[in-house]
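Now for the letters of each chain:
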Amino acid sequence: MPILKLDSLEPDTEAIRLAASVLVKGGVVAFPTETVYGLGALALCESCVRKIFELKGRPADNPLIVHIAEIGQVDELATHVPAAARKVMERLWPGPLSIVLDVAQSVPKVVTAGLESVALRMPAHPVALELIKAVGPIAAPSANKSGRPSPTTAEHVFEDFGEELLILDAGPTAVGLESTVVDVRTVPWRIYRPGAVTRELLEEVGQVPVTLAAGVIEGAAPSPGMKYKHYSPDVELHLFCDAEVVPKDQPVTVIALEHLKKYFSSHAYFISLGDSTLSAAARIYMALRQAERFGLPTYVQLMEEEGIGVAYNERVRRAAAKR
Ligand code: TXA
Ligand code: MG
């Protein structure tokens, strides 16, 4: 299967039709979203969704997010939707936000890993939305092999899966980190995975208290993804706030904001994250894959713990956590 390049603003209907036909026949395709590329299959087809788990090498107890294109689809997939959650959907969808709700009968157990809940998200990407409109709800994890950094370009998807997979290529993703996952079944709402939609924004829009329940957790985790090692390149990772801690007497790779380049140019491979926390979020997974190719001990800059910096820091901490 080829990589099909298309213009993200005016999705090429030919490419969408081809991808839709692969999905309808029970297959899997990779498609762009505003966060990262997804590996999609028909959400309501059990045998289709199983193929995602096989391809990714994903543990069967880690549930998938179901992607929708219209708010009307929520009530086919979930029950007991709180009024405050509806308000959040109206305001923040389409967008980088997955909402955990009581699951409806229609959703196969393989999607939710047998949980009583399902995560729903309406992605803000014209290609993703067109594809969902063509075939109905799509279950999709990030389109990487289990444990690898998430893909922010079609080439990353190709690195992990090769020729076997049809990949819709709409260029690099805008956000670069996976969606915020928030459980709205009880108050306070709990964020299992921070993302571009912040705790503060959820509180403001939902008028409900929200807590951050993310982090690497041992044993039973409220969100199964929390207990797995994630986002990890095959290279030794260290984190830093202060440039002084980076060793000067050995070859290293440094991943940091552009303004730090001058401190490292003489003794390190420098991979720039651009000039803001936003650009750092968009570039970090690509930077980790590049550092992997250099193969040297890699020093990654932490960001301010605010806005999308919270999500960025959580991902790089997990990437650096020991196996
Ligand atoms: O931005 C994104 O969310 C991307 C794009 C493709 O939409 N998708 C993505 O999917 O990151 P994935 O499978 O890589 O991560 C989904 C996370 C996992 O940590 C999983 O455990 C959690 O969401 N999750 C899914 N369903 C859940 C549920 N019912 N309850 C709690 N956590 C859930
Ligand atoms: Mg993932």
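What you are looking at is a predicted structure, and each value in this text was computed from that prediction instead of being measured. (Residues numbered from 1 in each chain as written. Chains lettered and ligands numbered in written order. Predicted model: local features only at pLDDT ≥ 70, side-chain atom pairs only at ≥ 80, totals over all residues. Heavy atoms only, no water.)

### Details of helix α2 (residues 46-56)
Of the positions making up α2, those classed as buried are C48, V49, I52, F53 and K56. Down the axis of α2, the sector holding all buried residues measures 150°, keeping them to one side. Facing away from the buried side of α2, by more than 90 degrees, are the exposed residues S47 and E54. At its buried positions, α2 is contacted by β3 (38-42), α5 (109-112), β8 (138-139) and α7 (154-161). At the exit of α2 stands G57, carrying a positive phi of roughly 70°. (Buried < 20%, exposed > 50% of the residue type's maximum accessible area, 1.4 Å probe, protein only. Helix = DSSP H or I, 4+ residues; strand = E, 2+ residues; numbered from the N terminus. Arc of directions from axis to C-beta. Contact = heavy atoms within 4.5 Å.)

### Regarding the packing of helix α1 (residues 13-24) against helix α6 (residues 126-135)
Two packed helices can be described by the angle between their axes and the distance between those axes. Between α1 and α6, the shortest axis-to-axis distance is 10 Å and the interhelical angle comes to 50°. Classed by the angle they form, the pair α1 and α6 counts as oblique. Of the two possible hands of crossing, α1 and α6 adopt the one that is right-handed. Together, I16, A19, A20, L23 and V24 of α1 and V127, E130, L131, A134 and V135 of α6 make up the contact between the two elements. By residue class, the composition of the contact of α1 with α6 is nine nonpolar, no polar and one charged. (Axes fitted to C-alpha atoms, helices over the stretch in contact; angles between N-to-C directions. Parallel < 35°, antiparallel > 145°, perpendicular 65-115°, else oblique. Left-handed = near helix turned anticlockwise from the far one by under 90°. Nonpolar A, V, L, I, M, F, W, Y, C, P; charged D, E, K, R; others polar.)

### A closer look at the sheet that holds strand β13 (residues 237-240)
Pairing is parallel in the open sheet, where four strands are placed in the order β13-β16-β14-β15. The sheet terminates laterally at β13 and β15 (268-272), the two strands that pair on one side only. Averaged over all neighbouring strand pairs, the angle between strand axes comes to 25°, with direction disregarded. In this sheet, β15 lies alongside strand β14 (residues 252-256) in parallel orientation, the contact comprising five bridges. Each bridged residue has a counterpart across the sheet, and for A256 the counterpart in β15 is S272. (Pairing = 2+ DSSP bridges.)

### Re the state of the cysteines
Scanning the entire structure with this criterion turns up one disulfide. The side chain of C45 participates in a disulfide bridge whose partner is C48; the two sulfur atoms lie 2.1 Å from each other. Linking C45 and C48, the disulfide has an S-S dihedral of approximately 75° and is accordingly described as right-handed. Classification of C48 by relative accessible area gives buried; the value is 4%. (Disulfide = S-S within 2.5 Å.)

### So, the site of ligand 1
Near ligand 1, the surroundings consist of 26 residues, among which T35, N62, H67, S179 and S223 are the closest. One of the side-chain N or O atoms of R193 is found 2.9 Å from an oxygen atom in ligand 1. If you list the elements that add at least two residues to the shell around ligand 1, you get β4 (65-67), β7 (117-121) and β11 (189-193). Here the shell around ligand 1 gets four residues from one element, more than from any other, and that element is β7. Broken down by class, the residue content of the shell around ligand 1 amounts to 13 nonpolar, nine polar and four charged. (Near = heavy atom within 4 Å. Polar contact = N/O pair within 3.5 Å; in protein donor to acceptor, adjacent residues only side chain to side chain.)

### Focus: the pattern of salt bridges
In the structure shown here, the tally under the stated rule is 19 salt bridges. In this structure, E34 and R121 form a salt bridge, with 2.9 Å as the shortest nitrogen-oxygen distance. Taken as a pair, E34 in the loop between β2 (29-31) and β3 and R121 in strand β7 lie far apart in primary sequence, 87 residues in all. Assigned by exposure class, E34 and R121 land together as buried. For R148, the salt bridge identified is with D160, shortest N-O distance 3.6 Å. Of this pair, R148 sits in the loop between β8 and α7 while D160 is found in helix α7, placing the two residues twelve residues apart along the sequence. Several salt bridges converge on common partners, so that one network encompasses R148, E159, D160, R289, E292 and R293. (Salt bridge = Lys/Arg side-chain N within 4 Å of Asp/Glu carboxyl O.)

### Focus: the packing of aromatic side chains
Summed over all chains, the structure comprises three aromatic pairs. Plain terms: the ring middles of F240 and F264 are 6.2 Å apart, the flat faces sit at 65° to each other, and that makes the pair edge-to-face. Placement of F240 in strand β13 and of F264 in helix α9 (residues 261-264) is noted, with a sequence separation of 24 residues between them. Every member of this aromatic cluster is reached through a ring pair, and the members are F240, F264 and F270. (Phe/Tyr/Trp six-rings, centres within 6.5 Å; stacked < 30°, edge-to-face > 60°.)

### Some thoughts on α7
For α7, the complete set of buried residues consists of A154, H156, V157, D160 and F161. Around the axis of α7, the buried residues are gathered within 160° of arc, so they sit on the same side. Residues of α7 that are buried in the fold lie against β1 (3-5), β2, β3, α2, β9 (166-169) and α10 (277-294).

### Focus: the environment of V81
One can find V81 in the loop between β5 (78-79) and α4 (83-92). Using a relative accessible area of 13% as the deciding quantity, one classes V81 as buried. Residues V81 and D102 lie 21 residues apart in sequence; the distance between their C-alpha atoms is 7.7 Å. Beyond its immediate stretch of four places on either side in the chain, V81 contacts V74, D75, R86, M89 and L101.

Shape is all these values report; function is a separate question.
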